[in-house]
Amino acid sequence: MDKKILLSVVPFLLWSQHGHSAAFDTCPYTAFLMQDEQTNVYGVNLLTGAYQTLQTDIGQTGNLNAAGYNETDNFIYAFNTTQKKVVQVGNDFKATTLPVTGLPNSTFFVGDVANNTYYLYRSGLYTIPLDESSPNYLKASKIEGSDGNMKLTDFAFHPEDGNIYAVDNKQGHLYRINPANGSKVILGNTGVTGTFGAAYFEASGNFYFSRNQDGIIFTVDISDPSNINPTASQFAAGPKSGLNDGVRCASAPVAIESIDLGDAPDSYQTSVDNNGARHDLSNNTLFLGGVAPDSESIPGSSDDATGVDDEDGVILTNLQGGESAIANITASGAGFLNAWIDWNKDGDFADSNEQIFSGQALSAGMNALVINVPSSVSAGETWARFRFSSAEELPAFGGAPDGEVEDYQVTLEDALFSTANYGPFTAAFEDSWPREGDYDLNDVVMRYQVEVKSDQADNAKQIKISGTLQALGADYQNGFGIHLPSLARSAADEGNIVFLVNGQPVNRSPLEAGQGNVVLIISENLTADTQSSCRFHRTLENCQEVERFNFSVTVPLDDGISTGSLPNAPFDPFIFAVEGFNHGAGTSIGRGLEIHLDDFEPTQLGNPSLELMGDFDDRSNLGTGSLYRTENGLPWGFILTENWAHPEEQVDMLLAYPRFFDYCTTGDHPDWFISEKRVSQHLYGLE
């Protein structure tokens, strides 16, 4: 028996004669959903959960429920719960009331049709013969002794064995009900509970039931009624429902419609026969990347087995154990992403830590997301799955009403590297250069640390710098960068740099173009990035703030770079003028204005700063290597390996730290910053 389970909505010939609907021409493939207080009729693709509206006017007032398809006359029979009447529904989904007698004055929500007999359930099983030649035609009778204690909201007849099957809402039991006497047998527990308002069979014996609260469609394989595993599998993400009932011609064979499949090996549940991840393409505008998913009209083992390679929506940086990676994901429109990586390479996405994104909202265009790679991963090839849809929560398998699934083979890198840590360092700058200004050295205060990882051959594999802005007491607009002298820009693996600000990926490379060495632009404009509510950030005692800007940048390095050839931490931090915002008269050189630590030269793009050296209060001497110093030897930027309390706004550094002058000019008092040698009343947030 062919057990492929693809469904489609087939076209129907709609016509009416003498005020009554005509029968369906043939046993339709569609799963119908009757829903709402005033019933609307929908066609549901059980394979994917996609649905379409078929009728909004059933020809009478009321809610139709307890529906069943009669394969003898090709009509649907249902119970109008508003009017408490049995109705016949034809191929135009118009309802005609039938003169049924013998039913109690009750509402019925559970029903189906088999052998030209309409069965209803409410505290017991009722039958209504539909054979016009029967003396009991349309005369309802209750089967005495039938079980009346089941908590059901729908049931369905098996297409071959003649029994009714249902799932108990409260306990989740799978029942087999004998239609002859109404007795039940508990076949086991499905493992799910809820209000299961729609139940269906299809020709191969798969039983489907959908949960009203979330629309999830579950399935149990009853193709062999003598050998049933009652545990339900989540099958598709269908529409949420209420006041509803499902009906389908149980003997209808399945038909194949266009869907999108993944590409991973079938152990990851890729094929249709294995309840693989699949997305309906019948009315789809959501997809990943720039290429819309192709349509698989024949279910294969993967997407590319029957279509073209359309996996172009996800770009990943290196997946290294214990580190953060970036997933750059392009979406065609707003929707939700669910994604997995098989971290332990065991051939499934079932382990507890393998879902990397759950119901992650995406906007149209590029979306950068952080992946935290477990430190326990070992190097090797594995698979990742990305599912994008209007459905917010999707598992790694089963159907979705729209969207796309993209599978990727990815490489994991283990964490077996030695790590050297440096810092923390505190770098502080006065941004009025080449003027001395108020010399409070709090215009930019950045605290950061450096981590260098190397392999067993002492080759440097990556450099990670992370830090937090401590103060921004600047009237001028400044950016902040870190220069790694003598490390060629080409040594950095730019495509795999991971750059985070305030824990979120930044949609630009921090590696500055036009530089011969590695120059990392951490902020292009600290004022814009900080968005302080105070005039100055963390320099005014009457306007206290917590830190508002932190960063992390991880730079993988190309092979063959020894740790001994790396520049020494803390490298060369600097600030620079934001283009269009000059640092006072006579400094209109834009980005070329750089302020470095004392005795550090500007970067290649900062060469215009050489023109200002010797102007105003600057007494730099390129010949002696004395740079960014005043006439009396004070620097415009300095760094120390301590957590440092910076001066308040417009408080001269030498008032707050009187011994700083001695340290800068003679080297005396190297501990100039300790509590005994500072004036605490001039320091921000200290005492």
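Conventions used here
Residues numbered from 1 in each chain as written. Predicted model: local features only at pLDDT ≥ 70, side-chain atom pairs only at ≥ 80, totals over all residues. Heavy atoms only, no water. Pairing = 2+ DSSP bridges. Helix = DSSP H or I, 4+ residues; strand = E, 2+ residues; numbered from the N terminus. Axes fitted to C-alpha atoms, helices over the stretch in contact; angles between N-to-C directions. Phe/Tyr/Trp six-rings, centres within 6.5 Å; stacked < 30°, edge-to-face > 60°. Buried < 20%, exposed > 50% of the residue type's maximum accessible area, 1.4 Å probe, protein only. Lys NZ or Arg CZ within 6 Å of the ring centre and 35° of its normal. Core = buried A, V, L, I, M, F, W, Y, C linked by side-chain atoms within 4.5 Å. Contact = heavy atoms within 4.5 Å. Polar contact = N/O pair within 3.5 Å; in protein donor to acceptor, adjacent residues only side chain to side chain.

Trainee: Report on the sheet that holds strand β9 (residues 95–97), specifying residues and quantitative values.
Mentor: Reading across from one edge, β6-β7-β8-β9 is the order of the 4 strands in this open sheet, with antiparallel pairing throughout. A single partner strand is all that each edge strand has here, and the edge strands are β6 (64–70) and β9. Averaged over neighbouring strand pairs, the angle between their axes works out to 30° when direction is ignored. Taken together, the 3 bridges between strand β8 (residues 85–89) and β9 define a ladder with antiparallel strand orientation. If you follow V89 over to β9, its bridge partner there is A95.

Trainee: Give me the packing of aromatic side chains: which residues, what numbers.
Mentor: This structure, assessed with the given rule, holds 29 aromatic pairs. Judged by centre distance (6.0 Å) and plane angle (80°), the ring pair of F386 and Y408 falls under edge-to-face. Here Y408 lies in strand β33 (residues 404–413) and F386 lies in strand β31 (residues 380–389), a separation of 22 residues in the sequence. In this pair, the class of F386 matches that of Y408, namely buried. Geometrically, the ring pair formed by W433 and Y628 is tilted, given 5.0 Å between the ring centres and 50° between the ring planes. Within this pair, whereas W433 is found in the loop between β34 (418–429) and β35 (444–454), its partner Y628 is found in the loop between β43 (594–596) and β44 (637–640), the two being separated by 195 residues in sequence. Within the aromatic cluster, the residues linked to one another by ring pairs are F638, W644, Y657, F660, Y663, W672 and F673. Lying over the aromatic face of Y175, K184 brings its terminal NZ or CZ to 5.5 Å of the ring centre. It is R591 that lies over the ring of F576; its NZ or CZ is 4.5 Å from the centre.

Trainee: Before we move on, can you summarise the nonpolar core with the specific residues and values?
Mentor: Among the nonpolar cores identified, the biggest contains 46 residues, and I463, I465 and F551 are the most heavily contacted of them. Looking at this core, the elements with two or more residues in it are β34, β35, β36 (460–471), β37 (478–488), β38 (498–501), β40 (517–523), β41 (550–556) and β42 (572–577). Per element, the largest residue contribution to this core is 5 residues, and it comes from β35. With sequence-adjacent residues up to four places away left out, F551 is seen in contact with M446, Y448, I465, S466, G467, T468, I482, L500, V501 and I522.

Trainee: So what's going on with the side chain of S241? Residues and values would help.
Mentor: Note on placement: S241 falls in the loop between β21 (233–237) and β22 (245–248). Owing to a relative accessible area of 16%, S241 belongs among the buried residues under this scheme. Polar side-chain contacts of S241 include one of 3.1 Å to the side chain of Q35. Among residues more than four places away in sequence, those in contact with S241 are L33, Q35 and N212.

Trainee: Pulling in residues and values, what's your account of the environment of F571?
Mentor: Take F571: it is sitting in the loop between β41 and β42. Non-local contacts of F571, meaning those with residues more than four positions away in its chain, are made with V450, I463, I465, I482, H483, L484 and F600.

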